[in-house]
Amino acid sequence: MAKLSKLQAHLFLVGASIIYGCNFVVSKLAMPDYITPFAFIFLRILGGAILFTLLHTFTVKEKVTDKKDFLRLLLAALFGASFNQLIFYEGLAQTSAINASVIVVSSPIIVLTLSSIFLKEKVTPLKIIGISLGFIGAVLMIGLNGIAFHSGSVQGDIMVLINASLYSVYLIISKPLLAKYHPFTVTKWTFVFAVPFVTVMSWNDITTMNWESIPLPIWGAISYAIVFTSFLAYLFYAIAMKVVNASTASFYIYFQPMVATVVAILVFDETIKMVQVIAAALIFSGVYLISIKKKPKEKMN
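Residues numbered from 1 in each chain as written. Predicted model: local features only at pLDDT ≥ 70, side-chain atom pairs only at ≥ 80, totals over all residues. Heavy atoms only, no water.

One finds I35, F40, I45, L171, I222 and Y237 to be the most contacted residues of the largest nonpolar core, which totals 81 residues. Broken down by element, the residue count for this core peaks at 15 residues, all from helix α9 (residues 216-240). Apart from the residues lying within four places of it in its own chain, the contact partners of L171 are V111, Y237, M241, A246 and S250. (Core = buried A, V, L, I, M, F, W, Y, C linked by side-chain atoms within 4.5 Å. Buried < 20%, exposed > 50% of the residue type's maximum accessible area, 1.4 Å probe, protein only. Helix = DSSP H or I, 4+ residues; strand = E, 2+ residues; numbered from the N terminus. Contact = heavy atoms within 4.5 Å.)

As structure tokens, this is what we get:
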């Protein structure tokens with residue numbers, strides 16, 4: 001594929017963040033009243049596998065050349081599309097969307113730490129400051145809606161935290177693969193390998209669900225999760241990570257609560273508060289700081 005510019009990569013990450021930001025609300029419409037978390041994930045992963053296989057078949061048709069890479073792809077499937085998804089949606093069903101979103105923003109800090117250990121990414125002062133500003137901005141944005149970790153949702157909150165950790169590992173695992181293969185190839189195998197695991201874990205829910213009772217609007221929410229969250233958002237992240245590093249990609253998780261706030265303003269006619277403006281400014285300042293690339297020192301003659 002044609003080499004992306006840094007700006008294009010960041011735009012893909014913004015697009016993925018918008019999709020994920022809306023997903024918190026959309027998914028809660030379906031779960032747990034109309035569909036169980038495990039049955040929901042089964043549809044997401046199976047739908048994603050089908051869409052990515054079709055995309056790969058009619059475009060790049062690239063083969064995985066090194067058999068050792070299949071093991072890394074299997075691990076990517078487990079951490080990025082199987083266990084993390086099952087745990088996240090089970091946790092989301094037991095906690096609030098607000099609690100879940102504030103926990104998920106811990107992911108960039110985890111990714112920064114893991115990247116420095118396993119990928120040898122340089123942790124610069126600017127990157128630390130940028131991630132810190134983004135974290136503060138995200139927490140300010142979420143805090144406007146009221147965070148209630150005392151509300152009896154501790155188990156759900158812990159599960160969402162585990163999901164954030166697993167997804168962080170997925171970003172680390174997939175980075176070397178994306179340096180070697182086309183994004184379509186990596187995402188296809190990630191979802192294809194995830195299908196058997198998710199099927200086994202969710203089989204009881206799949207066979208006992210009353211599928212006919214799900215109303216059409218809820219099928220719309222489920223379709224959003226399949227087409228946008230499972231397919232496009234994963235694809236956008238994979239494409240962007242051909243250019244940016246894992247810690248930069250993970251930073252865009254901070255945009256998710258901001259997206260949720262903007263949606264609330266547009267849909268529910270809420271007014272913009274000064275704290276929201278300050279929080280958004282902190283997040284965008286963080287993006288700027290982590291995007292600054294240190295120029296190499298000129299050699300002395």
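On to helix α3 (residues 68-94). Relative to the 39 Å expected for 27 residues at 1.5 Å per residue, α3 spans 38 Å between its end C-alpha atoms, a close match to the ideal helical length. At N84, α3 shows its largest bend, some 40°. (Expected span 1.5 Å × (residues − 1). Bend = angle between axes of the 7 residues up to and from the residue.)

Below, the discussion takes up the pattern of salt bridges. In the structure shown here, the tally under the stated rule is two salt bridges. The salt bridge partner of K180 is D66, with a shortest N-O separation of 3.6 Å. In this pair, K180 sits in helix α7 (residues 154-180) while D66 sits in the loop between α2 (37-57) and α3, placing the two residues 114 residues apart along the sequence. Overall, D66 belongs to the partly exposed group, its relative accessible area being 28%. Here K180 and D69 are joined by a salt bridge, their closest N and O atoms 2.8 Å apart. You can see K180 sitting in helix α7 and its partner D69 sitting in helix α3, a full 111 residues away along the chain. The class of D69 is buried, set by a relative accessible area of 10%. Residues joined in a network through salt bridges with shared partners are D66, D69 and K180. (Salt bridge = Lys/Arg side-chain N within 4 Å of Asp/Glu carboxyl O.)

What follows covers the side chain of Q85. Among the structural elements, Q85 can be located in helix α3. Its relative accessible area of 7% is what places Q85 among the buried residues. Among the polar contacts listed, one links the side chain of Q85 to the side chain of Y234, at a separation of 3.1 Å. Residues within four places of Q85 in sequence aside, it is in contact with I41, R44, I45, G80, N163 and Y234. (Polar contact = N/O pair within 3.5 Å; in protein donor to acceptor, adjacent residues only side chain to side chain.)

Quick look at the packing of α2 against helix α8 (residues 183-208) now. Close contact between α2 and α8 brings their axes to 8 Å; oriented N to C, the two are set at 150°. Regarding the angle of α2 to α8, the classification is roughly antiparallel. Crossing geometry of α2 relative to α8 is assigned as left-handed. In terms of residue class, the contact of α2 with α8 is made up of 17 nonpolar, seven polar and three charged. (Axes fitted to C-alpha atoms, helices over the stretch in contact; angles between N-to-C directions. Parallel < 35°, antiparallel > 145°, perpendicular 65-115°, else oblique. Left-handed = near helix turned anticlockwise from the far one by under 90°. Nonpolar A, V, L, I, M, F, W, Y, C, P; charged D, E, K, R; others polar.)

Now for the side chain of H56. Relative to the helices and strands, H56 resides in helix α2. Among the polar contacts made by the side chain of H56, one reaches the side chain of T185 at a distance of 3.1 Å. Leaving out residues up to four positions away in the same chain, H56 has contacts with K61, E62, F184, T185 and K188.

Right, let's talk about the packing of α8 against α9 for a bit. Here α8 crosses α9 at 135°, and the two axes come no closer than 9 Å. Classed by the angle they form, the pair α8 and α9 counts as oblique. At the point where α8 passes α9, the crossing takes the right-handed sense. Facing P183, F184, T187 and F191 of α8, the residues of α9 in contact are S230, Y234, L235, A238 and I239. The class makeup of the residues in the contact of α8 with α9 is seven nonpolar, two polar and no charged.

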